[in-house]
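A closer look at the structure
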Amino acid sequence: EKVGEFHLGESVNRIRRGHLSPQVDSDGPVLHSHIFATVSGVLGVAAQLKPDAWNFFSKVQDAMRQVVTGVGGIKHKEWRSFSNERRTGEAKKFVDGDLIERFLDLDQVSMEKVALIVEVPVEDLAMRIQDMSRFY
């Protein structure tokens with residue numbers, strides 16, 4: 001059963017249940033996670049988030065899309081759109097951790113714009129993003 005889809009920019013050749021972090025807190029925001037490896041050697045994680053974490057980080061992702069300009073002028077939403085030989089579709093049911101973590105590298109003005117959209121103080125938002133990275 002297809003749950004979601006998005007463009008990774010790589011060809012995945014292995015998926016295994018697990019996580020990259022040596023310590024995973026069962027009370028954390030992640031329900032399940034899988035590690036994937038690509039043909040070019042990239043490792044990544046696809047994790048199922050608890051509903052409250054999903055809602056929060058989806059909101060952060062939407063805010064980041066409004067504030068951050070994509071590389072080469074390509075909008076993030078377009079870059080992550082799924083496409084194959086048969087069809088093309090908007091990415092769905094995924095929160096892009098790379099985009100979320102870019103918040104930590106933004107200048108103060110951009111951080112404040114994102115935090116205003118999400119309705120969370122900058123410091124709290126940065127802390128939640130840093131905390132989340134420990135769970136995968």
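Keep in mind that this is a model prediction, so the values were computed, not measured. (Residues numbered from 1 in each chain as written. Predicted model: local features only at pLDDT ≥ 70, side-chain atom pairs only at ≥ 80, totals over all residues. Heavy atoms only, no water.)

1. Here's the deal with the sheet that holds strand β1 (residues 12-17)
In space, the three strands of this open sheet follow the order β1-β2-β3, with antiparallel pairing throughout. On the outer flanks of this sheet lie β1 and β3 (43-49), each paired with one strand and no other. For this sheet, the mean angle separating the axes of adjacent strands, direction not counted, is 25°. Sheet topology places strand β2 (residues 30-38) next to β3; seven bridges connect them, and they run antiparallel. Bridging across to β3, His34 finds its partner in Ala46. (Pairing = 2+ DSSP bridges. Helix = DSSP H or I, 4+ residues; strand = E, 2+ residues; numbered from the N terminus. Axes fitted to C-alpha atoms, helices over the stretch in contact; angles between N-to-C directions.)

2. Description of the pattern of salt bridges
Side-chain pairing between opposite charges can occur once the charged atoms of the two side chains come close. Scanning the model with the defined rule gives two salt bridges in all. Of the charged contacts, one joins Glu119 and Lys59 as a salt bridge, the two residues approaching to 3.6 Å between their closest N and O atoms. In this pair, Glu119 sits in the loop between α4 (108-118) and α5 (122-133) while Lys59 sits in helix α1 (residues 51-67), placing the two residues 60 residues apart along the sequence. We classify Glu119 as exposed; its relative accessible area is 65%. Between Asp62 and Arg65 there is a salt bridge, and its shortest N-O distance comes to 3.9 Å. Note that Asp62 and Arg65 are positioned in helix α1 at a spacing of three residues, about one turn of the helix. A relative accessible area of 42% places Asp62 in the partly exposed class. Among the residues examined, Arg65 registers a relative accessible area of 24% and is labelled partly exposed. (Salt bridge = Lys/Arg side-chain N within 4 Å of Asp/Glu carboxyl O. Buried < 20%, exposed > 50% of the residue type's maximum accessible area, 1.4 Å probe, protein only.)

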